[in-house]
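The residues making up each chain are set out below.
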Amino acid sequence: MFGLRALAVVVAVLLGAFLWMFYQQNTPFRAAPQQPINFSHQIHFERGIQCAFCHMDAPRSTFAGIPSVLKCMGCHRVIIPQYPEIQKLHAYWRTATPIPWRRVYWVPDYVRFTHHPHIAAGIQCQACHGSVGSMDRVRRDVDFNMNTCLTCHRAMGARTDCFGACHH
């Protein structure tokens, strides 16, 4: 009798964990997080700045990378330095403090992801990140979940085997 009860508890816990993970993968799109500096992707995009100019790590890393204060100051030492949001950037520069940006997109730890094969296949940033170039404050525009990835992989003829393609 104890064996069946213990088995039922284990099954219930595993089912609960699976449902929680499923819920986390399919939560509604989140509002744009408040950032320490009101950075407009739209303004930069309209001026012809490509995503990879600031997110230089995307071609070679799992993360696109958030530009350093030095990268931002490369332009904003002279471009509208008096603007209040740029003054915040200058304050981080003066104190040698990294900007504590809040991450918008991420994949779970059990997913192996790199931007490189996606970039090499000619997939534009907007396909996965939405219309960031039209956003003042970035929000999750595309819901990352297994179905989203599988749908795209199938459409592009990419691998869909779970452990060979995406999971470890």
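Everything in this summary refers to the structure shown in the same document. Keep in mind that what you see is a predicted model, and the values were worked out from it rather than measured.

The helix and strand tally for the chain stands at nine helices and zero strands. Going residue by residue from the N terminus, the α and β elements of the chain occur as α-α-α-α-α-α-α-α-α. Residue burial in the chain is summarised as follows: out of 168 residues, 23% are buried. Long-range pairs, those at least 24 residues apart, make up 65% of the contacts in the chain with a sequence separation of at least 6.

A cluster of nonpolar side chains, Val-78, Ile-79, Ile-80 and Tyr-83, forms an exposed patch at the surface whose accessible area comes to about 400 Å². Considering the arrangement of structural elements, one finds Ile-80 in the loop between helix 4 (69-76) and helix 5 (84-94). The partly exposed category is assigned to Ile-80, whose relative accessible area is 41%.

Attention now moves to the packing of helix 4 against helix 5. Where helix 4 meets helix 5, the axes come as close as 10 Å, and the angle between the chain directions of the two elements is 130 degrees. As far as their axial angle goes, helix 5 and helix 4 are oblique. For the element pair helix 4 and helix 5, the recorded crossing hand is left-handed. Where helix 4 abuts helix 5, its residues Val-69, Leu-70, Cys-72, Met-73 and His-76 lie against Ile-86, Leu-89, His-90, Tyr-92 and Trp-93. Classifying every residue of the contact of helix 4 with helix 5 gives eight nonpolar, two polar and no charged.

Another point: the pattern of salt bridges. Counted under the stated rule, the structure contains five salt bridges. Taking the shortest distance from any N to any O, the salt bridge between Glu-85 and Lys-88 comes out at 3.1 Å. Separated by three residues within a single helix, Glu-85 and Lys-88 lie in helix 5, roughly one turn from each other. A salt bridge links Asp-161 to Arg-159, with the nearest nitrogen and oxygen atoms 2.8 Å apart. Residue Arg-159 is classed as partly exposed on the basis of its relative accessible area of 48%.

Cut-offs applied
- Just so you know, the residues in each chain are numbered from 1, in the order the chain's sequence is written.
- Where local features are concerned, this predicted model is filtered to residues with pLDDT of at least 70; where side-chain atom pairs are given and counted, the filter is 80 or more; whole-chain, interface and lining totals use all residues.
- Side-chain numbers here rest on the full set of heavy atoms in the structure, without hydrogens or water.
- Strands here mean DSSP runs of E at least two residues long; helices mean DSSP runs of H or I at least four residues long; both are numbered from the N terminus.
- We call a residue buried when its accessible area falls under 20% of the maximum for its residue type, exposed when it is over 50%, and partly exposed in between, using a 1.4 Å probe and counting protein chains only.
- The contact criterion used is simple: two residues touch if any of their non-hydrogen atoms lie within 4.5 Å.
- Exposure above 30% relative accessible area and the lack of any salt bridge qualify a residue for a patch; like charges then connect within 9 Å, and the nonpolar side chains Val, Leu, Ile, Met, Phe, Trp and Tyr within 5 Å.
- Per-residue and other accessible areas follow the Shrake-Rupley method at a 1.4 Å probe size, with only the shown protein chains counted as cover for residues.
- The term salt bridge refers to a pairing of a side-chain nitrogen on Lys or Arg with a carboxyl oxygen on Asp or Glu at a separation within 4 Å.
- Throughout, an axis means a line fitted to C-alpha atoms (over the contacting stretch in the case of helices), and angles, computed between N-to-C directions, take values from 0 to 180 degrees.
- These descriptions rest on fixed angle ranges, namely under 35 degrees for roughly parallel, over 145 for roughly antiparallel, 65 to 115 for roughly perpendicular, and the rest for oblique.
- Handedness of each helix crossing follows the sense of rotation of the near helix against the far helix: counterclockwise by less than a right angle gives left-handed, clockwise gives right-handed.
- Amino acids outside the nonpolar list (Ala, Val, Leu, Ile, Met, Phe, Trp, Tyr, Cys, Pro) and the charged list (Asp, Glu, Lys, Arg) are all regarded as polar, and Gly is one of them.

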